[in-house]
Amino acid sequence: MRSVTIRSWLLFLITFLGVLPVQAELILSSAPRDSREKEEEIFRPIADLLSRAVGEKVTFRYGDNFLVYQSEMRKGSYDIVLDGPQFVGWRMAKLGHVPLVKFPGNLAFVAITKNNQDKIKDLKDLAGRTVCAFPPPNLATLTVLYEFGNPSRQPLILEVQSFPDAYKGAISGKCVGGILQAKLYQDLDKEAKAAKVLFTSKPLPNQAFSASPRVTAEKRERIVQTLLSPEGAAATQKLREVFKVQALLPATVEEYQGLGKLLRDVWGFDL
């Protein structure tokens, strides 16, 4: 009778433990921008450094493509993530993430049209018209689309591969408007003066690393201090070279709070 009871308890424990989610490591990820090989070359040194810092295995997981990356992010599969402020703000609101360190500087964007577009006098005149821009959830595009309260009365995004392409598309007449970084627009239009600005976004904080609730407060502090250290500068060198960033800075909750609202019209990111 006793052996039957022990066997029953063992079977119960095996069954019970078998349905519990087991995560033996922390997962580091980032919005996919390049090939798997290139991304792993950039993030593997960071994962190795963070493993030593927190005393727990940190593994970089490539997102394959944006659909996979967004899906896994929404499910909470990632523990430490680097991406744009719209995603950081959304994870803070929905998944309990905390921002850790960020790229320096702010991000601002403009919506433009060609100077001779007399029928386009303000931003709302772009509703239903073609605009050359990166597809959502690109931050530049989201800051402009957010100004249109009715999703059915928004510009029609004609996808481009770069911000200069967005400028050229608007000036050439390929599109009625274009969306690009404010500073880059100033550089591109400095001599030509061929465009007019319909909208300038408020400055937004730059990309940041954030951590999930599975990363304790103590480990979050270790990660911050490690990434800001000389050792952290060495591990993030390739990452910073890609984004032309000299150094990382501490990030605060306040500067990313509420920015998830920019994703309101992107499927799966309701708040």
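Let us look at the structure shown here. Predicted, not measured: the structure shown is a model, and the values here were computed from it.

## Looking at the overall build of the chain
Then, number 1: Helices and strands together make up the secondary structure of the chain, namely eleven helices and 13 strands.
Then, number 2: The principal-axis extent of the C-alpha atoms belonging to the chain is close to 90 × 45 × 35 Å.
Then, number 3: Buried residues in the chain amount to 46% of all 271 residues.
Then, number 4: The long-range share in the chain, meaning contacts at least 24 apart out of those at least 6 apart in sequence, stands at 76%.
Then, number 5: Treating the 36 positive side-chain charges of the chain as one cloud and the 29 negative ones as another, the clouds have centres 3 Å apart.

## What to know about the state of the cysteines
Then, number 1: One pass over the structure, following the stated rule, counts one disulfide.
Then, number 2: The disulfide that involves Cys132 links it to Cys175, with 2.0 Å between the sulfurs. Linking Cys132 and Cys175, the disulfide has an S-S dihedral of approximately 70° and is accordingly described as right-handed. One end of the pair, Cys132, is in strand β7 (residues 130–133); the other, Cys175, is in the loop between α6 (163–172) and β9 (177–181), and 43 residues separate them in sequence. In terms of burial, Cys132 and Cys175 fall into one category: buried.

## What to know about the sheet that holds strand β6 (residues 109–114)
Then, number 1: The strand order across the open sheet built from five strands is β8-β7-β9-β6-β10, with neighbouring strands paired in mixed fashion. Both outer strands of the open sheet, β8 (156–159) and β10 (195–200), are each paired with one neighbouring strand and no more. Averaged over neighbouring strand pairs, the angle between their axes works out to 35° when direction is ignored.
Then, number 2: Two strands pair when backbone bridges link them, and β7 and β8 are joined in this way by four bridges, in the parallel orientation. Bridge assignment links Cys132 to a residue of β8, and that residue is Leu158.
Then, number 3: Where α6 meets the sheet, its contacts fall on β6, β7, β9 and β10, and the angle it forms with β9 comes to roughly 155°.

## Describing the packing of aromatic side chains
Then, number 1: Applying the stated criterion across every chain yields a total of nine aromatic pairs.
Then, number 2: Ring geometry for Tyr69 versus Tyr78: centroids 5.6 Å apart, planes at 25°, classification stacked.
Then, number 3: Given the relative accessible area of 0%, Tyr69 is considered buried.
Then, number 4: Here Phe103 and Phe243 contribute two aromatic rings whose centre-to-centre distance is 5.2 Å and whose plane-to-plane angle is 45°, an arrangement assigned as tilted. Taken as a pair, Phe103 in the loop between β4 (98–102) and β5 (106–107) and Phe243 in helix α10 (residues 237–243) lie far apart in primary sequence, 140 residues in all.
Then, number 5: Taking the relative accessible area as the measure of exposure, Phe103 reaches 2% and is therefore buried.
Then, number 6: With relative accessibility at 25%, the residue Phe243 sits in the partly exposed group.
Then, number 7: Cation over ring: Arg74 sits above Phe269, and NZ or CZ is 5.4 Å from the ring centre.
Then, number 8: Here the basic side chain of Arg264 rests over the ring of Tyr146, its NZ or CZ set 4.0 Å away from the ring centre.

Scoring rules and cut-offs
Residues numbered from 1 in each chain as written. Predicted model: local features only at pLDDT ≥ 70, side-chain atom pairs only at ≥ 80, totals over all residues. Heavy atoms only, no water. Helix = DSSP H or I, 4+ residues; strand = E, 2+ residues; numbered from the N terminus. Buried < 20%, exposed > 50% of the residue type's maximum accessible area, 1.4 Å probe, protein only. Contact = heavy atoms within 4.5 Å. Lys, Arg positive; Asp, Glu negative; His and termini not counted. Charge placed at Lys NZ, Arg CZ, Asp CG, Glu CD. Disulfide = S-S within 2.5 Å. Pairing = 2+ DSSP bridges. Axes fitted to C-alpha atoms, helices over the stretch in contact; angles between N-to-C directions. Phe/Tyr/Trp six-rings, centres within 6.5 Å; stacked < 30°, edge-to-face > 60°. Lys NZ or Arg CZ within 6 Å of the ring centre and 35° of its normal.

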